[in-house]
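Residues per chain, in single letters:
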Amino acid sequence: MEIVAIFRQSKAHQKSSMNHLFNCQEITNQDLTVNPNLHQKNIVISLNEKDEFISANFSRTENNEKIKKRVEERAKFLDEGARAEYQKHKINEKMELEKMGINRKIRTVLQSKKEQLQKEFLVCFGNTTRDKLMEHYKTPQMLANACLKGSLAILKKKGLDKENLISLVVHFDEKGLPHCHTIYNDYNFKEHTTSTQIAIKKHSDKPKKEQYQLKIKEFSEFQDVLAETMQLKRGEKGSRRKHLDIEDYKNLKEKEKQQQQITKKSIFKSAIYNKQ
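In what follows, the accompanying structure is described. (Residues numbered from 1 in each chain as written. Predicted model: local features only at pLDDT ≥ 70, side-chain atom pairs only at ≥ 80, totals over all residues. Heavy atoms only, no water.)

1. Details of the pairing of strand β1 (residues 4-9)
Summarising the sheet, β1 and strand β4 (residues 118-126) pair through 6 bridges and their orientation is antiparallel. Across the sheet, glutamine 9 pairs through a bridge with phenylalanine 121, a residue of β4. Sheet analysis places β1 next to strand β9 (residues 233-234), joined by 2 bridges and oriented parallel. Paired with alanine 5 across the strands is arginine 234, a residue of β9. (Pairing = 2+ DSSP bridges. Helix = DSSP H or I, 4+ residues; strand = E, 2+ residues; numbered from the N terminus.)

2. Observations concerning the packing of helix α4 (residues 130-137) against helix α5 (residues 140-157)
Taken N-terminus to C-terminus, the directions of α4 and α5 make an angle of 80°; their axes are 8 Å apart at the nearest point. As summarised for this structure, α4 and α5 are arranged roughly perpendicular, according to the angle between their axes. On α5, the residues that touch Leu133, Met134 and Tyr137 of α4 are Pro140, Met142, Leu143 and Ala146. Residues belonging to the contact of α4 with α5 are distributed by class as follows: 7 nonpolar, no polar and no charged. (Axes fitted to C-alpha atoms, helices over the stretch in contact; angles between N-to-C directions. Parallel < 35°, antiparallel > 145°, perpendicular 65-115°, else oblique. Contact = heavy atoms within 4.5 Å. Nonpolar A, V, L, I, M, F, W, Y, C, P; charged D, E, K, R; others polar.)

3. Points about the packing of α5 against helix α7 (residues 208-230)
Here α5 crosses α7 at 145°, and the two axes come no closer than 9 Å. Between α5 and α7 lies a crossing of right-handed hand. Each of Ala146, Cys147, Lys149, Gly150, Ala153, Ile154 and Lys157 in α5 lies in contact with α7, whose residues at this interface are Glu221, Phe222, Val225, Leu226, Thr229 and Met230. (Left-handed = near helix turned anticlockwise from the far one by under 90°.)

4. Some words on the nonpolar core
Among the nonpolar cores identified, the biggest contains 30 residues, and Phe125, Tyr137, Leu143 and Met230 are the most heavily contacted of them. Counting only elements with at least two residues in this core, the list comes to β1, β2 (42-47), β4, α4, α5, β5 (165-171), β6 (179-185) and α7. In terms of residues, this core owes the most to one element, α5, which gives 7 residues. Counting 11 residues, the second-largest nonpolar core is a separate cluster that includes Phe58, Val71, Leu78 and Ile183. (Core = buried A, V, L, I, M, F, W, Y, C linked by side-chain atoms within 4.5 Å. Buried < 20%, exposed > 50% of the residue type's maximum accessible area, 1.4 Å probe, protein only.)

5. What to know about α4
All of the buried residues in α4 are Arg130, Leu133 and Tyr137. For α4, the angular spread of buried residues about the axis comes to 65°, placing them on one side. Opposite the buried face of α4, at more than 90 degrees from it, the exposed residues are Asp131 and Glu135. Positive backbone phi, approximately 70°, marks lysine 138, located one or two places after α4. (Arc of directions from axis to C-beta.)

6. Let's talk about the state of the cysteines
Evaluated as defined, the whole model comprises 0 disulfides. A disulfide-free cysteine, cysteine 124 has its sulfur positioned 8.4 Å from the sulfur of cysteine 180, the nearest such atom. Here cysteine 147 is not cross-linked by a disulfide; its sulfur's nearest cysteine counterpart is in cysteine 180, at 4.5 Å. (Disulfide = S-S within 2.5 Å.)

7. Details of the sheet that holds β2
Sheet architecture is open: 7 strands sit in the order β3-β2-β5-β6-β4-β1-β9, paired in mixed fashion. Here the strands that pair on one side only, and so sit at the sheet edges, are β3 (53-58) and β9. Here β5 pairs with β6 via 6 bridges, running antiparallel. Note on β6: the bridge partner recorded for serine 167 is isoleucine 183. Its contacts with the sheet place α7 against β1, β4 and β9, and it is angled at close to 140° to β1.

Here you go:
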């Protein structure tokens, strides 16, 4: 049984709130009889003032205001830095054009809102059980470090680097398998725009159908990069099937079996009734 590494880019409405990351689980995960992992510690990794990675354990049942404040300050620092760099670049661009006698109106304010600059992707696991996953990584910290390594490879693929990382949160306290939320700033300081805009402009001259196909190809490449970096198996290419952990897979199969039995009984009863 090979563990599968899964990359998921969160859409705007799917992004995790600070409350979810550090303070509160979904109601379905708050019942200890349903979720035996409720009191497991989680791990957050972020960068300090020296751009060094620091790691901390936390429980979502505790007061995590210090951790939240550090993450919020990091997000604000990157957001303000991106806007200042963009403005400086555009002012310089305008000055160069004026030297050449070109008077062109140039926006010097980055149009992306804060929530558009701050993005998230998930690193998840499939085709395994919790016990097998932890047996593979030995300790929670080693699993978190592997997620960090995979996340940095994804950021590099996007044209970003570790300085774009706001925080990385690995949840161990939910019913399913441990998973990682990677929160990052999408601004590319070398290209003076967001990695999202770079990706859009790259294929903007292509027909819509081809744009869609290229988008799927790029998503597939993120899956490849993650699996290769984490030295895990990648999911089946071109498949839209969701990867389930073994417990969920067994539950799904059991429900399917029960449904088949109900259907057979219904057909049997119907056949008897028709004979009468």
